[in-house]
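What follows is each chain in one-letter form.
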Amino acid sequence: MMVPTIEHPREALQRLIEENKEEYAALSRLIGRNPAYIQQFIKRGTPKRLAEEDRRRLAAYFGVKETLLGGAEEWEKPTLQQVPVLDVYASAGFGAADFGEARRTSIGFDPRWLRARTKGSADGLSIIQVKGDSMAPTLADGDDVLVDRKDGVGRLRDGIYVLRLDDSLMVKRLARQPSGRGISIRSDNPDYPSWQNIELSRIDIVGRVLWFGRTLS
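Because the structure is a prediction, the values reported are computed rather than measured.

Student: What's the story with the pairing of strand 4 (residues 144–148) in this structure? I'm lost.
Tutor: Within a regular strand, the side chains alternate between the two sheet faces. Burial analysis of strand 4 places four of its five residues in the buried class, the great majority of the element. With five bridges connecting them, strand 3 (residues 125–131) and strand 4 associate as antiparallel partners. The residue of strand 4 that forms the bridge with S126 is V147. Pairing between strand 4 and strand 9 (residues 203–213): five bridges, direction antiparallel. In the strand pairing of strand 9, D148 is matched with R208.

The following block contains the structure:
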C-alpha cells in the first residue's frame, strides 16, 4: 500500500503555476511584491514561508485552501447541543420545595460528548443546581448537575438521582434492595439521614445525574 506524500508549499505553488500556465513575475506583482519574489520563494526557499496575506491572496487566486500553501489547518467548530439551565434547586440537605422550572439560560455541549453519557435523546437533559451538603464529598453546595429526565424509573439502577419525596425535590443516591421490593435513599454525608425500603410508589424520580460542574473558589 502506497503512503501518499505530503506536498511542500513550494512544490504545491510550483505545480499550480505550471498547471495554470502562470508566470513568477506576474504572481509576484499580484501580491504586491517585487518581480522575483515568487521565484525566490520556490527556487531558493526565501522566504521560508509565505506571509499570511500573500498566502491568502494566492490561495484565493488559484481557488485552493490556504493549507495547501502552508496555512494552518482550520479547526471545524462543532455545532453545540444547547442544554437548558433551569431555575430549580435540588436539595442535598433535609429537603426543599420545587421553586418552578423556568429556563434561566443554556449551556452548549458537544453532541458526541452527550451521546457517550446518555442513551436517550438530548431533549430530555437539563441542568439544575444543588443546595446543601448532604451529598458531600460527591456533590457540594452550588454544584450544577446534568440530569437525564429520560433515564428514570424505567431503567432504575444504583446511582445518583434527582427525585421528589413528600413534596420535596432532592438529589440522593438510590440503591435497589436485594428483595427487589423497594429502594434505599442515601446521603453520601454520614451526618444526614438515609431511608431504607422505600416503596417506589412514594417517590417521583425526575432523572439520573450524569455529570456535575463545580465553580472553584
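Student: Where do I start with helix 4 (residues 52–62) in this structure?
Tutor: Each α-helix winds once per 3.6 residues, and so residues spaced three or four apart point in a common direction. Turning to helix 4, its buried residues are D54, R55, L58, A59 and F62. Buried residues of helix 4 fall within an arc of 125° about the axis and therefore sit on the same side. Of the exposed residues in helix 4, the ones pointing more than 90 degrees away from its buried face are E52 and A60. Tucked into the core, helix 4 has its buried residues touching helix 1 (9–19), helix 2 (24–30) and helix 3 (37–44). Immediately downstream of helix 4, the backbone of G63 shows phi near 70°, a positive value.

Student: Looking at this structure, how should I read the nonpolar core?
Tutor: Ranked by size, the top nonpolar core spans 16 residues in total, and within it L13, I17, I38, I42, L58, F62 and L69 carry the most contacts. For this core, the secondary structure elements donating two or more residues are helix 1, helix 2, helix 3 and helix 4. Non-local contacts of I42, meaning those with residues more than four positions away in its chain, are made with R10, L13, Q14, I17 and Y24.

Student: I tried to follow the confidence of the model for the chain on my own but got confused; where do I start?
Tutor: Do not read the fine detail of predicted coordinates wherever pLDDT is low. Counting all residues, the mean pLDDT for the chain is 85, and 88% of those residues have values of 70 or more. Confidence drops under a pLDDT of 50 for residues 94–99, and excluding neighbours within four residues, the segment shows 15 contacts in the predicted structure.

Student: Help me out: how do you make sense of the pairing of strand 6 (residues 168–176) in this one?
Tutor: Along strand 6, seven of the nine residues are buried, which leaves the element largely enclosed by surrounding structure. Alignment of strand 5 (residues 159–165) against strand 6, held across seven bridges, turns out to be antiparallel. Each residue of the ladder has a partner; that of L165, found in strand 6, is S168. Here strand 6 runs beside strand 7 (residues 183–186); their pairing, made up of four bridges, is antiparallel. Bridge pairing links R176 to I183 in strand 7.

About the thresholds
Residues numbered from 1 in each chain as written. Predicted model: local features only at pLDDT ≥ 70, side-chain atom pairs only at ≥ 80, totals over all residues. Heavy atoms only, no water. Buried < 20%, exposed > 50% of the residue type's maximum accessible area, 1.4 Å probe, protein only. Helix = DSSP H or I, 4+ residues; strand = E, 2+ residues; numbered from the N terminus. Pairing = 2+ DSSP bridges. Arc of directions from axis to C-beta. Contact = heavy atoms within 4.5 Å. Core = buried A, V, L, I, M, F, W, Y, C linked by side-chain atoms within 4.5 Å. pLDDT = per-residue confidence, 0-100.

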